[in-house]
Amino acid sequence: LVIRIYSLDKTLAEGLSNAFHLQSVLFEYTFKRNKQFLADSLVGNGNGIVMQMLSPQSQLKELRLERLHLGNDHFLRIAEMLPTTQVHVLSVHKNSIEREGILAFARKLPKMKCLKKVILSHNTWEHGRDPNDRSPSYQVCITALLKGMVGNYSIECLELARSE
């Protein structure tokens, strides 16, 4: 199931939050307006649609949350749920996740035993820098992610926007 969101109504939200049989979902928003509203609706304070889809009884294997203006708080709420899910693929491509969010996520990586592929590309923590820049902030994030992966042998792919 691929969902490209233009608006979020109550019926759609209720239907998705109870769809435990779904195995793959992409939430993507390409317009510039109302992105924060959508991020809050999808994740919220732990009660959004995505959070309900991440319940232990869910069969969700692939979760793609792209271009939604997800920030550190949204990302970390999702990360808290991942150890109890069957999610194999997590994409937060083109959001607003900053250095602090990546570092906190990296500390949680060892507990996410089902996770095989993580896509963190084009977020604030790495975006807008010269590809030759070896900034300490970027290096700290990469180091933290690699340390998290050492404690989790299930992860096969970590996708970033630039390579070192």
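Being a predicted model, the structure only gives us computed values, none of them experimental. (Residues numbered from 1 in each chain as written. Predicted model: local features only at pLDDT ≥ 70, side-chain atom pairs only at ≥ 80, totals over all residues. Heavy atoms only, no water.)

1. Quick look at the overall build of the protein chain
And step 1. When helices and strands are counted, the protein chain shows six helices and six strands.
And step 2. The linear arrangement of helices and strands in the protein chain, starting from the amino end, is β-α-β-α-α-β-α-β-α-β-α-β.
And step 3. For the protein chain, with 164 residues in total, the buried portion stands at 46%.
And step 4. Counting only contacts in the protein chain whose residues sit at least 6 apart along the sequence, the fraction spanning at least 24 positions is 80%.
And step 5. In the structure as shown, the protein chain presents an accessible area of about 8,400 Å², 52% of it carried by carbon and sulfur atoms. (Helix = DSSP H or I, 4+ residues; strand = E, 2+ residues; numbered from the N terminus. Buried < 20%, exposed > 50% of the residue type's maximum accessible area, 1.4 Å probe, protein only. Contact = heavy atoms within 4.5 Å. Areas by Shrake-Rupley, 256 points an atom, 1.4 Å probe, with all protein chains shown as cover.)

2. Describing the packing of aromatic side chains
And step 1. The tally for this structure, following the rule as stated, stands at two aromatic pairs.
And step 2. Ring centres of Phe75 and Phe105 lie 4.7 Å apart, and the angle between their planes is 35°; this geometry places the pair in the tilted category. Taken together, the residues Phe75 in helix H4 (residues 72–81) and Phe105 in helix H5 (residues 99–108) connect sequence positions 30 residues apart. Grouping residues by exposure puts Phe75 and Phe105 together as buried.
And step 3. For the ring pair Trp125 and Tyr138, a centre distance of 5.4 Å and an interplane angle of 10° mean the geometry is stacked. (Phe/Tyr/Trp six-rings, centres within 6.5 Å; stacked < 30°, edge-to-face > 60°.)

3. As for the nonpolar core
And step 1. Counting 44 residues, the largest nonpolar core has Phe27, Leu63, Ile78, Leu90 and Phe105 as its most contacted members.
And step 2. Elements with a contribution of two residues or more to this core: strand S2 (24–28), helix H2 (35–42), helix H3 (49–53), strand S3 (62–66), H4, H5 and helix H6 (136–150).
And step 3. In terms of residue count, the dominant contributor to this core is H6 (five residues). (Core = buried A, V, L, I, M, F, W, Y, C linked by side-chain atoms within 4.5 Å.)

4. Some points on the pairing of S2
A regular strand places its side chains on the two faces of the sheet in alternate fashion.
And step 1. Of all five residues in S2, four are buried, a share of seventy percent or more.
And step 2. Sheet analysis places S2 next to S3, joined by five bridges and oriented parallel. Looking at the pairing, Ser24 lines up with Glu62 of S3. (Pairing = 2+ DSSP bridges.)

5. Looking at the pattern of salt bridges
And step 1. One pass over the structure, following the stated rule, counts five salt bridges.
And step 2. Between Arg67 and Glu28 there is a salt bridge, with its nearest N and O atoms 3.8 Å apart. Taken together, the residues span a long stretch of sequence, with Arg67 in the loop between S3 and H4 and Glu28 in strand S2 at a distance of 39 residues.
And step 3. Accessibility expressed as a relative area gives 28% for Arg67, which makes it partly exposed. (Salt bridge = Lys/Arg side-chain N within 4 Å of Asp/Glu carboxyl O.)

6. Regarding the environment of Asn72
And step 1. For Asn72, the location among the structural elements is in helix H4.
And step 2. Between the alpha carbons of Asn72 and Ser96 there is a distance of 7.4 Å; along the sequence they are 24 residues apart.
And step 3. When near neighbours in sequence (up to four residues on either side) are disregarded, Asn72 contacts Ser96, Ile97, Glu98, Glu100 and Gly101.
And step 4. In this structure the side chain of Asn72 is engaged in a polar contact, spanning 2.8 Å, whose partner is the backbone nitrogen of Glu98. (Polar contact = N/O pair within 3.5 Å; in protein donor to acceptor, adjacent residues only side chain to side chain.)

7. Focus on the packing of H4 against H5
And step 1. Interaxial distance between H4 and H5 falls to 9 Å at its minimum, and their mutual angle equals 5°. Our classification of the angle between H4 and H5 gives roughly parallel. Here H4 contributes Asn72, Phe75, Leu76, Ala79 and Glu80 to the contact with H5, which in turn contributes Glu100, Gly101, Ile102, Ala104, Phe105 and Lys108. (Axes fitted to C-alpha atoms, helices over the stretch in contact; angles between N-to-C directions. Parallel < 35°, antiparallel > 145°, perpendicular 65-115°, else oblique.)

8. Regarding unusual backbone geometry
And step 1. The phi dihedral of His69 falls on the positive side, at around 65°, and the residue is not glycine.
And step 2. Position of His69 among the secondary structure elements: in the loop between S3 and H4.
And step 3. Phi is positive for His122, which is not a glycine, with a value near 60°.
And step 4. Tracing the backbone through its elements, the reader meets His122 in the loop between strand S5 (117–119) and H6.

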